[in-house]
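Chain residues, written in single-letter form:
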Amino acid sequence: MSYNTMNEYTLQSYFKSLCKSFSIAYHQLKRLEEQEDKLQEASPYEEIEVVESLLKFLELDIPEELKNKYVEKKVSEEVLRRRQKELKEAAILYKKEKQTLEEQRKFWAEHMWKIQEEAQNLISAIHKRGFSIIVTEKEEILVFMSVFRKKVKDVINTEEEYLKIFPKGEKCEEFLRVYLTKEKEKIKAVCEKYF
């Protein structure tokens, strides 16, 4: 996309639009990562391994009195076999759900990185043309953190009247404090910390 014919207001509006899209993709990714973590906690594979080990032990050609001497039987072989079947069915469902989450996560990650690339190009064009961006939303800070982890550009309008409408919150305020120092390595470090 060519930004050469766009004025400063149009470029800022487009940037804000990209930020909203980026934020949606970012939060979808975070939600999916949380779902994957919860799913991982419910994984049936560890219990399957235990049940199958117990079944193998019961099948060993060892006198019953020796088996009883070393292992206290809390469940019968029949109960273990039933549980094994239930767990195998749960494992099939687990695998399907995990695959679905991975596909969704891949989609949103690709979408987010495409938007990030477009935002990076837009920030470079704004910088090149000597324009600035008035920051009013947290979504914009999120995009700046994503882009500035690699390359910092002096594009945020830091005039006092615009700093009054800068987004509030710990992350935003720390980002602004460091951005105002103009020390690129410190800016990158804060962006890496939060993104």
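Going along each chain's sequence as written, the residues are numbered from 1 onward. Where local features are concerned, this predicted model is filtered to residues with pLDDT of at least 70; where side-chain atom pairs are given and counted, the filter is 80 or more; whole-chain, interface and lining totals use all residues. Only hydrogens and water are set aside; all other atoms, that is, all heavy atoms of the structure, feed into the side-chain values.

A word on the nonpolar core. Put simply, buried Ala, Val, Leu, Ile, Met, Phe, Trp, Tyr and Cys residues joined by side-chain atoms within 4.5 Å make one nonpolar core. Partly exposed describes any residue whose relative accessible area lies between the buried limit of under 20% and the exposed limit of over 50%, with all areas from a 1.4 Å probe on protein chains only and scaled to the type maximum. Residues Phe144, Phe148 and Phe175 are the most contacted members of the largest nonpolar core, which totals 46 residues. Aside from chain neighbours lying at most four places away, what touches phenylalanine 144 is Phe15, Ile123, Ile133, Val135, Val155, Ile156, Phe175 and Cys191. Ranked by size, the runner-up nonpolar core spans 7 residues in total, among them Ile48, Val51, Leu55 and Leu58. We call two residues contacting when some pair of their heavy atoms lies within 4.5 Å.

Take the packing of aromatic side chains next. Centre distance within 6.5 Å is the pairing criterion for rings of Phe, Tyr and Trp, where only the six-membered ring of Trp is used; planes under 30 degrees apart are then read as stacked, over 60 as edge-to-face, and the remainder as tilted. Counted by the stated rule, this structure contains 12 aromatic pairs. Between phenylalanine 148 and phenylalanine 175, the ring centres sit 6.3 Å apart and the planes meet at 25°, which makes this aromatic pair stacked. Residue phenylalanine 148 is found in helix 5 (residues 138-148), and its partner phenylalanine 175 is found in helix 7 (residues 170-181); the two are separated by 27 residues along the sequence. Relative accessible area serves as the criterion here: at 0%, phenylalanine 148 is assigned to the buried category. Put simply, DSSP H or I for four residues or longer makes a helix, DSSP E for two residues or longer makes a strand, and each gets a number counted from the N terminus.

This part covers helix 8 (residues 184-194). The periodicity of an α-helix, 3.6 residues per turn, causes residues three or four places apart in sequence to face the same way. When helix 8 is considered as a whole, its buried residues turn out to be Ile187, Val190, Cys191 and Tyr194. All buried residues of helix 8 project into a common sector of 100° when viewed along the axis, lining one side. Of the exposed residues in helix 8, those oriented more than 90 degrees away from the buried face are Glu185 and Lys193. Starting at the helix axis, one direction is taken to each C-beta atom, and the arc is that of these directions.

Moving on: the pattern of salt bridges. Salt bridge criterion: a side-chain nitrogen from Lys or Arg within 4 Å of a carboxyl oxygen from Asp or Glu. Under the counting rule described, the total for this entry stands at 15 salt bridges. A salt bridge links arginine 105 to glutamate 36, with the shortest nitrogen-to-oxygen separation between them at 2.8 Å. Separated by 69 residues along the polypeptide, arginine 105 in helix 4 (residues 77-128) and glutamate 36 in helix 1 (residues 8-41) bring together distant segments of the chain. Taking the relative accessible area as the measure of exposure, arginine 105 reaches 29% and is therefore partly exposed. Salt-bridge contacts for glutamate 102 lead to lysine 98; the nearest nitrogen and oxygen are separated by 3.9 Å. Of the two residues, glutamate 102 and lysine 98 both sit in helix 4, 4 residues apart, roughly one turn of that helix. Ionic contacts of the salt-bridge type, sharing partners, join the residues Glu47, Arg83 and Glu86 into one network.

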